[in-house]
Amino acid sequence: GLVGSEMCIRDSRIGHPKPCGFFIPMNKLFWIQVIAINGLLTVILGAFAAHVLDGVLTAQRIETFDTAVQYHLFHTLALFGLVCVDDTVLATRWIKYAAGFFLLGIIVFCGSLYLFAATSISILAMITPLGGLAFMIGWIMLLLSAIRAN
């Protein structure tokens, strides 16, 4: 379902709503592309850390990089889970917020850790908690979507 004033017209050729602004109820095609890119990046970055960075970076910086890869993968899978939920099960608005905050967390939390591990620029580690906060807000939005669905 559509929530509130979100009105989309069905396209009978493809059987789902046409885009209304940035999102269809959950613009699943857009999010599947985001998920595919992020899944690919986790594999590439994990392999890069294991085969290229190992021996170049200190053990602590490798551990930081690995933490970024893990959170990147976890939240890519969380995004996949959101896309798999039927639009009528959870409150759509909150699911969209959850997806946006998960993506923001991937960019800020994981991105800052990747760059910090590679460069040791300490200011990057200072913005990492903002990405962690985005992840937490995303999980809260998912909880709210379940609460509001009732």
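Here, the structure is the one placed above.
Being a predicted model, the structure only gives us computed values, none of them experimental.

### Some thoughts on helix α2 (residues 59–84)
Thought 1: Given a rise of 1.5 Å per residue, 26 residues ought to cover 38 Å, and the 37 Å separating the end C-alpha atoms of α2 matches this to within 8%.
Thought 2: Buried within α2 we find Ile-62, Thr-64, Phe-65, Ala-68, Val-69, His-72, His-75, Thr-76, Ala-78, Leu-79, Leu-82 and Val-83.
Thought 3: For α2, the elements touching its buried residues are α1 (28–53), α3 (92–119) and α4 (122–149).

### Some details on the packing of α1 against α3
Thought 1: Here α1 crosses α3 at 20°, and the two axes come no closer than 12 Å. Our classification of the angle between α1 and α3 gives roughly parallel. Between α1 and α3 lies a crossing whose hand is left-handed. Note on element contacts: α3 touches α1 through Ala-99, Gly-100, Leu-103, Ile-106 and Tyr-114, opposite Trp-31, Val-34, Asn-38 and Leu-45.

### Details of a nonpolar patch on the surface
Thought 1: A surface patch of nonpolar side chains, about 370 Å² in accessible area, is lined by Tyr-71, Leu-73, Phe-74 and Leu-77.
Thought 2: With respect to the helices and strands, the residue Leu-73 is situated in helix α2.

### Regarding the nonpolar core
Thought 1: Grouped together as the largest cluster of nonpolar side chains are 31 residues, with contacts concentrated most on Trp-31, Leu-53, Phe-65, Leu-79, Leu-82, Cys-110 and Tyr-114.
Thought 2: Secondary-structure elements contributing two or more residues to this core are α1, α2, α3 and α4.
Thought 3: Broken down by element, the residue count for this core peaks at 12 residues, all from α3.
Thought 4: Look past the residues within four positions of Leu-53 in its chain and what remains in contact with it is Phe-48, Ile-62 and Phe-65.

Procedures and definitions
Residues numbered from 1 in each chain as written. Predicted model: local features only at pLDDT ≥ 70, side-chain atom pairs only at ≥ 80, totals over all residues. Heavy atoms only, no water. Helix = DSSP H or I, 4+ residues; strand = E, 2+ residues; numbered from the N terminus. Expected span 1.5 Å × (residues − 1). Buried < 20%, exposed > 50% of the residue type's maximum accessible area, 1.4 Å probe, protein only. Contact = heavy atoms within 4.5 Å. Axes fitted to C-alpha atoms, helices over the stretch in contact; angles between N-to-C directions. Parallel < 35°, antiparallel > 145°, perpendicular 65-115°, else oblique. Left-handed = near helix turned anticlockwise from the far one by under 90°. Patch = residues over 30% accessible without salt bridge, like charges linked within 9 Å, V, L, I, M, F, W, Y side chains within 5 Å. Areas by Shrake-Rupley, 256 points an atom, 1.4 Å probe, with all protein chains shown as cover. Salt bridge = Lys/Arg side-chain N within 4 Å of Asp/Glu carboxyl O. Core = buried A, V, L, I, M, F, W, Y, C linked by side-chain atoms within 4.5 Å.

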